[in-house]
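Structure at a glance
Below, each chain spelled out in residue letters.
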Amino acid sequence: MDSSRQGRYALLVAGGSGLRMGAALPKQFLPLGGRPVLMHTLERFAPLVERLILVLPEEQRGYWAELCAQHRFDLPHEVTAGGATRFHSVSAGLSLLPEEGLVAVHDGVRPLLSAALIEACFEAAAEAGAALPALPVTDSLRQLQEGSSRAVDRAHYVAVQTPQTFQLRQLHAAYRQAYRPSFTDDASVWEAAGYAAPQLVPGEPQNIKLTQPLDLKLAELLLKG
């Protein structure tokens, strides 16, 4: 199906506390290039989608409104409250979206992805039903086994990124399942509903998730470059 004839939406999930950053602020609000991380992420999607949904913890919504006023950030987007887990937060965001179309579900603290990657994920999801960006694993891997470990072939593994992108009708159905602790991302929810594995799209090295202080320093360099 021609993806240009389907509505395109972005659902950004931001529920971080900032603990691993060693910061008082949640990591999605930390300054990057003089503005909160989330503003950069929202701007990456805005030209490419019909609607932007931002999912935040309820207690952070007021602070986000203050930041938007402070930085005169008037990019149109809708904000809703998340839940106890990523699963419940994505479910809350999906409740605002129609049954038909395509949705890119993205980590709010991945602010450096390109428009080309977003487009590639939408195109692949339009054809295959679901798509996600991934990179080859470059580190050696070991599998933990009962207090020991064994080497495994890294060629059999990839590192998964977001935006994980889906046909909305099927994703709505997948998120009607009961929550399971094994749901670590949207693709795991999708597959548990019986749908085929998402199509892999080449990811981007700069599409880093800001988790540690070093990540934020690297993001500053990449943003300037």
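Residues numbered from 1 in each chain as written. Predicted model: local features only at pLDDT ≥ 70, side-chain atom pairs only at ≥ 80, totals over all residues. Heavy atoms only, no water.

1. What to know about the overall build of the protein
The criterion, for reference: Put simply, DSSP H or I for four residues or longer makes a helix, DSSP E for two residues or longer makes a strand, and each gets a number counted from the N terminus. The cut-offs for exposure are 20% and 50% of the maximum accessible area for each residue type, with area from a 1.4 Å probe on protein chains only; residues under the lower value are buried, those over the upper are exposed, and the others partly exposed. For this count, His and the chain ends are skipped, Lys and Arg are scored as positive, and Asp and Glu as negative. Throughout, a charge is located at the NZ atom of Lys, the CZ atom of Arg, the CG atom of Asp or the CD atom of Glu.
Of the regular secondary structure elements, the protein holds 7 helices and 12 strands. Each of the three principal axes of the protein carries a C-alpha extent, and together these read 50 × 40 × 35 Å. By the burial criterion, 48% of the 225 residues in the protein qualify as buried. The protein carries 20 positive and 23 negative side-chain charges, and their two centres are separated by 4 Å.

2. A few points about the nonpolar core
Basically, it comes down to this: As used here, the term nonpolar core means buried Ala, Val, Leu, Ile, Met, Phe, Trp, Tyr and Cys residues forming a set that is joined through side-chain atoms within 4.5 Å. The contact definition used throughout considers only heavy atoms, calling two residues in contact when any of these lie within 4.5 Å.
Counting 29 residues, the largest nonpolar core has F45, L54 and W64 as its most contacted members. Among the elements of the structure, β1 (8-13), α1 (37-45), β4 (51-56), α2 (61-70), β6 (102-107) and α4 (115-128) are those that each provide at least two residues to this core. For this core, the element with the highest residue contribution is α4, accounting for 7 residues. Excluding residues that lie within four positions of it along the chain, F45 makes contacts with A10, L12, L52, A104, H106, L113, I118 and P163. In this structure, V55, L94, L171 and A174 belong to the second largest nonpolar core, which totals 20 residues.

3. Things to note about α2
The condition that has to hold: The arc under discussion is defined with respect to the helix axis, by the directions toward the C-beta atoms.
Every buried residue belonging to α2 is among W64, L67 and C68, and all of these are buried. Down the axis of α2, the buried side of the element spans an arc of 100°, and every buried residue falls inside it. In α2, the exposed positions angled more than 90 degrees off the buried face are occupied by E66, A69 and Q70. Of the residues trailing α2, R72 is marked for its positive phi of about 50°.

4. Structural notes on the environment of Q164
Take Q164: it is sitting in strand β11 (residues 164-167). Leave out the neighbours within four places in its chain, and Q164 touches V103, A104, V105, A131, L132, D185, D186 and A187.

5. Considering the pattern of salt bridges
This is how it is decided: A carboxyl oxygen of Asp or Glu within 4 Å of a side-chain nitrogen of Lys or Arg is what we treat as a salt bridge.
Scanning the model with the defined rule gives 10 salt bridges in all. In this structure, D186 engages R86 in a salt bridge whose closest nitrogen and oxygen atoms are separated by 3.0 Å. Note that D186 is positioned in helix α6 (residues 186-192) and R86 in helix α3 (residues 86-94), a separation of 100 residues in sequence. Residues E100 and R169 are paired through a salt bridge, measuring 2.4 Å at the closest nitrogen-oxygen approach. Here E100 is found in the loop between α3 and β6, whereas its partner R169 is found in helix α5 (residues 168-174), with 69 residues between them in sequence. Residue class for R169 comes out partly exposed when judged on its relative accessible area of 43%.

6. Here we look at the pairing of strand β8 (residues 141-145)
Cut-off, in case you're wondering: Between any two strands, pairing holds if DSSP finds at least two bridges.
Examined bridge by bridge, β8 and strand β9 (residues 148-152) share 5 bridges and lie antiparallel to one another. From the neighbouring strand, R142 faces β9, where its bridge partner is A151. Connecting the antiparallel pair β8 and β9 is a turn made up of 2 residues, with E146 showing a positive phi of about 45°.

7. A look at the packing of aromatic side chains
Keep this limit in mind: Stacked, tilted and edge-to-face are the three classes assigned to paired rings of Phe, Tyr and Trp, where Trp is represented by its six-membered ring and a pair needs centres within 6.5 Å; plane angles under 30 degrees give stacked, over 60 edge-to-face, the rest tilted.
As enumerated under the stated definition, the model contains 9 aromatic pairs in all. When the ring of W64 is compared with that of F73, the centres are 6.1 Å apart and the planes differ by 65°; the resulting orientation is edge-to-face. Neither W64 nor F73 differs from the other in exposure class; each is buried. For the ring pair F87 and Y175, a centre distance of 4.9 Å and an interplane angle of 25° mean the geometry is stacked.

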